[in-house]
Amino acid sequence: MSTKVSDHILERLRAWGVEEVFGYPGDGINGLLAAWGRAENQPRFVQSRHEEMSAFEAVGYAKFSGRIGVCAATSGPGAIHLLNGLYDAKLDHVPVLAIVGQTNRTAMGGSYQQEVDLHTLYKDVASEFVETVTVPEQLPNVLDRAIRTAYARRCPTALIIPADVQELDYSPPTHAFKMVPSSLGMSEFTATPTDEALRRAADVLNSGEKVAMLVGQGAAGAVAEVREVAELLGAGVAKALLGKDVLSDELPYVTGPIGLLGSRPSYELMRDCDTLLTIGSSFPYTQFMPDFGKARAVQIDIDAHMIGMRYPYEVNLVGDAQATLRRLIPLLKAEGRSRKWQDTVCANVKRWHTTMERRAAVAADPINPEYVARALDPLLPDNAILTSDSGSVANWYARHITMRPGMRGSLSGTLATMGPGVPYAIGAKFAHPDRPVFALVGDGAMQMNGLAEMITAAKYRDLWSDPRLVVAVWNNQDLNQVTWEMRAMEGAPSFLPSQSIPDVQYAAFARSLGLTGIRVEKPEDVEAAWRAGLEADGPAVLEFLTDPAVPPIPPHASWEQMEATAASILKGDADRGSMIKQGLKAKVQEFLPGRAKQ
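Residues numbered from 1 in each chain as written. Predicted model: local features only at pLDDT ≥ 70, side-chain atom pairs only at ≥ 80, totals over all residues. Heavy atoms only, no water.

**Remarks on the environment of Ile501**
Basically, it comes down to this: By definition, any uninterrupted DSSP run of H or I lasting at least four residues is a helix, any uninterrupted run of E lasting at least two residues is a strand, and each is numbered from the N terminus. Each residue is assigned to one of three classes by its accessible area relative to the maximum for its type, calculated with a 1.4 Å probe on protein chains only: buried under 20%, partly exposed between the two thresholds, exposed over 50%. Residues count as neighbours in contact if any of their non-hydrogen atoms are within 4.5 Å of one another.
Note that Ile501 resides in the loop between helix 19 (496–499) and helix 20 (506–512). Using a relative accessible area of 13% as the deciding quantity, one classes Ile501 as buried. Distance in space between the C-alpha atoms of Ile501 and Gly66 is 37 Å, their sequence separation being 435 residues. Beyond its immediate chain neighbours, meaning those up to four positions away, Ile501 contacts Asp443, Gly444, Gln447, Gln477, Asp478 and Leu479.

Written out as structure tokens, the structure reads:
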């Protein structure tokens, strides 16, 4: 039996070490589906409920495995549905390959059913590499190049394969004119700056008396080096949300998240420092960084086209974080450096933890949403993986979850799209079937995507050696983040027709799938529900009825406002908008010019 193009594609994916492809079937990829049957489902085809979820699952898989995520969809609507997840990969710099079908070559240009100009559709989201296979000899080059580009540029790439091409007999490129051969694999590579650039950076950092560090996901491979630099320079370390799992929150000088969802100590760190070192982060909100001219600054990033933005850095070091820091460390001087600055940072961090504990303890109707996250924190296993959806729940994830060594966490950072919390968690389970995974989602995101994708979790639960996938839903019947943005930036109460959403029985839905489902209506039952989720023998949905009136206070609010505002609002302001009356509207507007959103 001859090898078809579709057979060769799966064979090549296996050769690249691809173990899962997240997808949804359709006649535009029937040839590939038949090849999967002949290949005995290797790599495994993971069927989502919607192609957007396939893309999100591929992103989650890539984020938590460090390997390329692969998704597949049919022509036309299937390819269109992948886009949001692929944009999430693009903006968060995650390697993902999309394999999509297309109508037969004989029908192209004829306004045929499901015919969409996929090159035009994908030219932005897969701008680094998108190609259509029109003859077998293009393989394996285009597939290899799509994978190599995704890894090298940390981006999504796309391969478009017309349905009739999938059915052709495969023939490799020959040793001939206008043929392009290919080969498997690529070595790891490490880029580092010049000695002169490193000396200039060291001069800047050594001259500082109040050093602040900002780390992002690009520093994930340099944990020991980041700690050594912080201790040499007596620095405080803030973390972009995509870098939340880079450094342990148990370190006394780690100030936690930065930005509108950030911590008060991170805000003060940036406000008061005289020197800034940014490592592996493209945190976009300049207003939360030191005032221009107040701090000298150095940046380290492996991607030259992403460096030098966000702040007027004096030295821009292009290189791998670990390799660059290893060469920089011998040039840094700790002798004679006062520890007063770092002591102040540590005191602020300690006060922040106390403040967050007090805020979580405020009584609410029926449950304080901050308490739900706070109660989970000490129960998390050391190897836990967490995903967070966008919305007010991201505040509670950012501020109340203590990352410890070995734990992982992520969310849609730059796109900040709703809906990836549950599919990210499913992707994480396929990347690490032996680890417990927790998805923290709001009820809006759960209604948008999460409910249907619990069917996927139920379908594949038996493949995971540790079956625990705990999905926590903050059920407040409100699209809460936008509600608070309206109050803070527009001075308006909640517009109910846009913000109010139905009270869905999330736990009952989980039980209808044969999963664990627990609805929690009283604060005294919160901890027991978390423990039950941890002890479940499969996926579980924990539904917490939370009060929408607890505000996600911005980090530049005073310590007193941080502690008092929740209690003030919960006493019953008629429009639930006490946040504005406490003067925070002006502060938020100051930090969010043009009504920008995080």
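From this point, the narrative continues.
**Some words on the side chain of Thr278**
Along the chain, Thr278 falls in strand 10 (residues 275–279). Thr278 has contacts with Leu214, Met289, Val298, Gln299, Ile300 and Tyr313, leaving out every residue within four places of it along the chain.

**Let's talk about the pattern of salt bridges**
To keep it simple, the criterion reads: The term salt bridge refers to a pairing of a side-chain nitrogen on Lys or Arg with a carboxyl oxygen on Asp or Glu at a separation within 4 Å.
Counted by the stated rule, this structure contains 28 salt bridges. Linking Asp503 and Arg519 is a salt bridge whose minimum nitrogen-to-oxygen distance equals 3.4 Å. Taken together, the residues span a long stretch of sequence, with Asp503 in the loop between helix 19 and helix 20 and Arg519 in strand 17 (residues 516–520) at a distance of 16 residues.

**Focus: unusual backbone geometry**
Look at the link from Gln42 to Pro43: it is a cis peptide, with omega at 0 degrees. Omega for the peptide link from Leu139 to Pro140 comes to 5 degrees, which places this bond in the cis form. Looking at the secondary structure, you find Pro140 in the loop between strand 5 (130–132) and helix 7 (141–153). Here Asn41, not a glycine, exhibits a phi torsion of approximately 60 degrees, which is positive.

**Concerning the pairing of strand 6 (residues 156–162)**
To be explicit about the condition: Two strands make a pair as long as DSSP finds a minimum of two bridges between them.
For strand 6, a buried count of 7 out of 7 residues is recorded, marking the element as mostly surrounded by other parts of the structure. Alternating residues of strand 6 divide into Pro156, Ala158, Ile160 and Pro162 and Thr157, Leu159 and Ile161, and every residue in both groups is buried. Relative to strand 6, strand 4 (residues 96–102) is paired through 7 bridges, and the arrangement is parallel. The partner of Gln102 across the bridge, within strand 6, is Pro162.

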